[in-house]
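One-letter residues, chain by chain:
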Amino acid sequence: MNIIKHITTLVSAGRHPVSGEPRHCHNDSLAMTIGLDMAKSISAKHHVLHAGNPDNKALSEYLALGAGQIDVIPISDDTDVVDCLATQLNHADLILTGSRAESGEDSSLLPYLLAEKIGIPLVVNALAIKVKANTIEVLQFLPKGKRRHVTVKLPAIIAIHPLAPASLKFSYARQISGAIKTLLVPYTSTSTSVHKTQWQTLASIRKPIKLKAPENKSGHDRMMSAISSESKGGAVVNNGNSVEKAQVILGYLREHRLINF
Amino acid sequence: MSIQHLITLLFWLATATLLAGLWRRSQLWRQGQSADFSWINLLAIPKRYFVDLHHVVSREPFIARTHVATAGGAVAALILVAINYGLMLYWNVLNWAILIATAIMLVGVFFVWLRRRNAPSRLSRGAWSRLPYSLAAFAIGLLVLSLPVSVLAGSVAVLALILLMAGSAELALGIGLGGPMKHAIAGLLHLAFHPRQQRFNGKLSTALKPIALDVITLENQEFGISKPSDFKWNQLLGFDACVQCGKCEAACPAFAAGQPLNPKKLIQDLVVGFSHDEKSSHDKNSKGTDAKFAGSPYPGMPIGEHSGSIHAPIVPSLIEAETLWSCTTCRACVQECPMLIEHVDAIVGLRRNLTLTKGELPGSAPQTLENLRQTATVGGFDRKARYYWAVDLNVKTIAPNIPVDILLIAGEGAFDMRYQRTLRALVKLLKAAKVDFALMGEYERDTGDTARRLGDEATFQKLAKLNIETLNSLSFKRIVTADPHVLHSLKNEYAAFGGNYEVLHHSTLLAQLAASGQLKLGKSDETRKLTYHDPCYLGRYNGETESPRALLKSIGIQVNEMERSGMRGRCCGGGGGAPLTDIPGKQRIPDIRIADARTIGAEVVAVGCPQCTAMLEGVVGNRPEILDIAQLLASTLELES
Ligand code: SF4
Ligand code: SF4
């Protein structure tokens, strides 16, 4: 028997890093495509949920990508989305989302905060989802080409990895025939989001540079470290409390002059 | 009953059969969508036949003469038979005239037969192979029967009558049943009701036609062409005119490269599709198959595995998507087609459905369309960066309050470091000619050319409207561009959205400036053997083949022509989004073009398009140097100073 009746995918408003044009967030679209395919194969209902401005042009791109209908919780700019999403997600058996938004605080913490708030399990970096009798099995991304299967009880939140294999199909016909529905009861939250009140958003001028310890390795070593985690070097810290562990990381960053405090 | 009366009977029987067949055929065409047309154009058929169609056929004089003899003889004989036997006059002098007409026809048929004996692979066999025999039967039968009665022994007359009946069946029955002779009727009607009437006014007609986007237009909620019945009825009629001569196949770069496209088979597949009505068959899912097609298959796709019907989706059961995505929209097929069939319109129509309705595109095409939607550039670049190559050149950038004579639009090539050299050379030339010009700067959005060829009419129209809005807010007299794709969109396709501009390719403007003496060019010190590659979007799409050659000549360079040049130039493989969809074949199209250059021993290939530059320079190994016209011209300025 199929236990999943409602799948909800959370989508965020993206923003093109160069032009600043509103657009779909690619990672959320992957989640939505996986959700739609899954809903179709197990005849569940699929919902697309967004918290924000219903007039945002980015939303129509999700329609083009197959959303059909997008439910929008209309919230003002300074409202924290976690609270209002949590209240809206009571009926979902499975909640999908991308791993990280393209604008706003962009911290990739939303799935964690949401799981904590609703009190259901979270699996991150999912590449594929298989429906089992009472559970679902998630293929999880690990670095260096490694994968692992995680079985999780429902309801649950699954955050899809940006490299999940789903092909997006952008159709103008779906874009103009889809609907954006503003949910009637606007949610008012007491907690406010930091960035929305204090931050300014600009198009990025330069590509962000990844902070990396300079490597001084032979070609063979570099190849080995790209394909196996054993030969990466460094250390795995299992012992100690979180403060001690954080100290190790800080030490590493200082040693390689990636931070200067 | 005498032989004469038998012929009269046969004539009227055949005429009735033909009319019934024609009615049946026209019912098939009428399944298409409505189209603007005018009955008056029926009167234009003779002129269009003898001028426009013959202009194409006469490129191959042997077959042109063969056709004149065969068809001319046959038509004359039929008219004479209609008068003499149809109206039961039975005059002897008319019999002599029939005899002469059929004799001419027979000579023509003899040459048809000769050619069929070692036919080039582009010709279809199958039903077409029987044509010399059935036509000969008709001609011989009629010829014998029109001999003076005294000569005829009874048995000979009977034999001749049987031959005549067999031959007439090809005409009378064959047309209605979709045999080879249907080309005669469909071809003539196609001349009258051609979807691109401008072609007959001696003008080029290459702009794609816009489709409505605000509503879902067709009853099946689809954009573009999904099923054969989504074509306009006069397009279906046009497909029926195909004589399977394979000239399109021989000209098609994708076919030559072994990609799964053959424009001839594409047209025949569409004929299969609209000729089969599943509703009139007891099996509602029945389909017509392509098994009877007796020509070259789509490379790599065996014949007999595809089928379709009038109301069934074309892709993929009748035509695979890869076939459609292989096309470079070079229009070589249209240029060669003696029946003036419009392959590219059909292909783009089908692509529109895949793109706008299904959103299914191969390769990096989806990414490109997304870039166009989100950044108005093909490569997803920052629009501000488009004119970085000109920062040190001291050229002004246009603004609403700065009127200029000439607005220079760089196109997507401006982001490519190779093509920036061409653009810098062009700026140098314009400065040398003291032209009042300005760059478009960050106002410039992509013209949407690639989006449109890929079937994304929505993105094209959005970009077109934005560009027109911008251009209309600026003050300039003419636009010049070094990119023929920009030229084509702005000059030919923006008019449908209210953008009317005088747009010139840089070679045209430079040729004008050189001719008027405003641009003083030196002599080139280029001693290597040089050839010029015509960009499809400059030559076939815009008819400009002379200016580049005149310019090269004016700086003392002799142009050695490659095998296919001018209006019949071979494509570099860069158009129509083909490099993005990147359908695998046996070789790459630019390799074929470079092989053309190598064959004539060219060491330099002059070009006039960023796509051609990139495609031809992408050929690996020892190849001729690729230089833009502007570069060759600019280098003579250095010599002067
Ligand atoms: S489409 Fe035109 S060129 Fe091609 S085979 Fe038919 S008649 Fe010949
Ligand atoms: S436009 Fe060019 S590539 Fe496309 S079918 Fe015609 S000849 Fe082939």
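Residues numbered from 1 in each chain as written. Chains lettered and ligands numbered in written order. Predicted model: local features only at pLDDT ≥ 70, side-chain atom pairs only at ≥ 80, totals over all residues. Heavy atoms only, no water.

## Brief notes about the site of ligand 1
(1) Moving on: Every one of the 13 residues lining ligand 1 counts as a neighbour, but Cys242, Cys245, Gly246, Cys248 and Cys337 of chain B are closest to it.
(2) Moving on: Taken together, the residues of the shell around ligand 1 sort by class into 8 nonpolar, 3 polar and 2 charged. (Near = heavy atom within 4 Å. Nonpolar A, V, L, I, M, F, W, Y, C, P; charged D, E, K, R; others polar.)

## Let's talk about unusual backbone geometry
(1) Moving on: Leucine 154 of chain A connects to proline 155 of chain A through a cis peptide bond whose omega is -10°.
(2) Moving on: With respect to the secondary-structure elements, proline 155 of chain A resides in the loop between strand 9 (147–153) and strand 10 (156–160).
(3) Moving on: Residue proline 316 of chain B is reached from valine 315 of chain B by a cis peptide bond, and omega for that bond is 0°.
(4) Moving on: Position of proline 316 of chain B among the secondary structure elements: in the loop between strand 2 (307–308) and helix 12 (321–325).
(5) Moving on: You will see that serine 108 of chain A, though not glycine, has its phi angle at about 65°, which is positive.
(6) Moving on: Within the element layout of this structure, serine 108 of chain A appears in the loop between strand 6 (94–98) and helix 4 (110–118).
(7) Moving on: With a relative accessible area of 26%, serine 108 of chain A lands in the partly exposed category.
(8) Moving on: Although it is not a glycine, threonine 329 of chain B adopts a positive phi angle of roughly 55°.
(9) Moving on: You can see threonine 329 of chain B is positioned in the loop between helix 12 and helix 13 (332–336).
(10) Moving on: For threonine 329 of chain B, a relative accessible area of 0% puts it in the buried group. (Helix = DSSP H or I, 4+ residues; strand = E, 2+ residues; numbered from the N terminus. Buried < 20%, exposed > 50% of the residue type's maximum accessible area, 1.4 Å probe, protein only.)

## Structural notes on the nonpolar core
All names here are of chain B.
(1) Moving on: Formed by 95 residues in total, the largest nonpolar core has its most connected members in Phe231, Phe239, Phe274, Ile314, Ile319 and Leu324.
(2) Moving on: At 8 residues, the largest contribution of residues to this core is made by helix 5 (residues 131–145).
(3) Moving on: When sequence neighbours within four positions are dropped, the list of residues in contact with phenylalanine 239 reads Phe231, Ile267, Leu270, Val271, Phe274, Ile341 and Ala346. (Core = buried A, V, L, I, M, F, W, Y, C linked by side-chain atoms within 4.5 Å. Contact = heavy atoms within 4.5 Å.)

## Quick notes on the site of ligand 2
(1) Moving on: Around ligand 2, 13 residues are found, and the nearest of them are Cys252, Cys327, Cys330, Arg331 and Cys333 of chain B.
(2) Moving on: Within the shell around ligand 2, the residues separate by chemical class into 10 nonpolar, 2 polar and 1 charged.

## Notes on the side chain of asparagine 542 of chain B
All names here are of chain B.
(1) Moving on: Relative to the helices and strands, asparagine 542 is located in the loop between strand 7 (530–532) and helix 21 (546–554).
(2) Moving on: Of the residues examined, asparagine 542 reaches a relative accessible area of 11% and is grouped as buried.
(3) Moving on: At 2.9 Å, the side chain of asparagine 542 forms a polar contact with the side chain of asparagine 492.
(4) Moving on: Once residues within four sequence positions are removed from consideration, asparagine 542 is found in contact with Leu204, Pro484, Leu487, His488, Lys491, Asn492 and Tyr537. (Polar contact = N/O pair within 3.5 Å; in protein donor to acceptor, adjacent residues only side chain to side chain.)

## Structural notes on helix 19 (residues 484–493) of chain B
Residues and elements named next belong to chain B.
(1) Moving on: Within helix 19, 8 of the 10 residues are buried, which leaves the element mostly enclosed by the surrounding structure.
(2) Moving on: Listed in full, the buried residues belonging to helix 19 are Pro484, His485, Val486, Leu487, His488, Ser489, Leu490 and Glu493.
(3) Moving on: Considering only its buried residues, helix 19 is in contact with strand 3 (404–409), helix 17 (449–453), helix 18 (457–473), strand 5 (476–481), strand 6 (503–505) and helix 24 (610–617).
(4) Moving on: One side-chain oxygen of the residue at the start of helix 19 lies 2.8 Å from the amide nitrogen of histidine 485, identifying that residue as aspartate 483.

## Some words on the sheet that holds strand 9 (residues 625–628) of chain B
Residue and element names in this part refer to chain B.
(1) Moving on: If you trace the 3 strands from one edge of the open sheet to the other, you get 7-8-9, paired in parallel fashion. Since the sheet does not close on itself, it has two edges, and those belong to strand 7 and strand 9, each with one partner. Each strand of the sheet is rotated relative to its neighbour by a mean of 30°, with strand direction disregarded.
(2) Moving on: Pairing of strand 8 (residues 604–607) with strand 9, which is carried by 4 bridges, proceeds in the parallel orientation. (Pairing = 2+ DSSP bridges. Axes fitted to C-alpha atoms, helices over the stretch in contact; angles between N-to-C directions.)

## Overview of the packing of aromatic side chains
For any pair of aromatic rings, the description consists of the separation of the ring centres together with the inter-plane angle of the planes.
Residue and element names in this part refer to chain B.
(1) Moving on: Under the definition given, this model contains 19 aromatic pairs over all chains.
(2) Moving on: Relative to phenylalanine 497, the ring of phenylalanine 460 has its centre 5.8 Å away and its plane inclined at 65°; by these criteria the two rings are edge-to-face. Of the two residues, phenylalanine 460 is situated in helix 18 and phenylalanine 497 in the loop between helix 19 and strand 6; the sequence distance between them amounts to 37 residues. The pair phenylalanine 460 / phenylalanine 497 is uniform in exposure class, with both members buried. (Phe/Tyr/Trp six-rings, centres within 6.5 Å; stacked < 30°, edge-to-face > 60°.)

## Some points on the pairing of strand 9 of chain A
Residue and element names in this part refer to chain A.
(1) Moving on: Alignment of strand 8 (residues 135–141) against strand 9, held across 7 bridges, turns out to be antiparallel. The partner of glutamate 137 across the bridge, within strand 9, is threonine 151.
(2) Moving on: Hairpin geometry of strand 8 and strand 9 is characterised by an intervening segment of 5 residues between the two adjacent antiparallel strands and by a positive phi of about 65° at lysine 144.

## Some points on the sheet that holds strand 4 (residues 45–52) of chain A
All names here are of chain A.
(1) Moving on: The sheet built from 9 strands is open, its strands ordered 9-8-7-10-6-1-4-5-11 with mixed pairing. Two strands lie at the open edges of the sheet, namely strand 9 and strand 11 (179–182), each paired on one side alone. Strand-to-strand twist in this sheet, taken as the mean axis angle between neighbours without regard to direction, amounts to 40°.
(2) Moving on: Here strand 1 (residues 6–10) runs beside strand 4; their pairing, made up of 5 bridges, is parallel.

## What to know about the interface of chain A and chain B
(1) Moving on: With 14 residues of chain A at the contact, the number on the chain B side is 18 residues.
(2) Moving on: Summed over both sides, the interface between chain A and chain B buries roughly 1,400 Å², with carbon and sulfur atoms accounting for 54% of that surface.
(3) Moving on: The tally of links from chain A across to chain B stands at 1 salt bridge.
(4) Moving on: Taken together, the elements giving at least two residues each to the side of chain A that touches chain B come down to strand 3 (22–24) and helix 5 (172–177) of chain A.
(5) Moving on: The biggest single contributor to the side of chain A that touches chain B is helix 5 of chain A, with 4 residues.
(6) Moving on: Each residue belonging to the side of chain A that touches chain B can be placed in one class, and the counts come to 5 nonpolar, 4 polar and 5 charged. (Buried area = accessible area lost by both parts, 1.4 Å probe. Salt bridge = Lys/Arg side-chain N within 4 Å of Asp/Glu carboxyl O.)

## Concerning the state of the cysteines
(1) Moving on: Applying the stated criterion across every chain, the model contains 0 disulfides over all chains.
(2) Moving on: Lacking any disulfide linkage, cysteine 84 of chain A is separated from the closest cysteine sulfur, that of cysteine 25 of chain A, by 17 Å. (Disulfide = S-S within 2.5 Å.)

## Quick look at the pattern of salt bridges
Residue and element names in this part refer to chain B.
(1) Moving on: All chains considered together, the criterion is met by 40 salt bridges over all chains.
(2) Moving on: With a closest N to O distance of 3.5 Å, glutamate 444 and arginine 386 form a salt bridge. Here the residue glutamate 444 occupies a position in the loop between strand 4 (437–439) and helix 17, and arginine 386 occupies one in the loop between helix 15 (365–375) and strand 3, the gap between them amounting to 58 residues.
(3) Moving on: Residue glutamate 561 is joined to arginine 549 by a salt bridge in which the shortest nitrogen-to-oxygen separation is 2.5 Å. With a gap of 12 residues between them, glutamate 561 in the loop between helix 21 and helix 22 (578–581) and arginine 549 in helix 21 connect regions that are remote in the sequence.
(4) Moving on: What makes glutamate 561 partly exposed here is its relative accessible area of 34%.
(5) Moving on: Its relative accessible area of 11% is what places arginine 549 among the buried residues.
(6) Moving on: Three or more residues joined by partner-sharing salt bridges are found here, namely Arg352, Asp449, Arg452, Arg453, Glu457 and Glu493.

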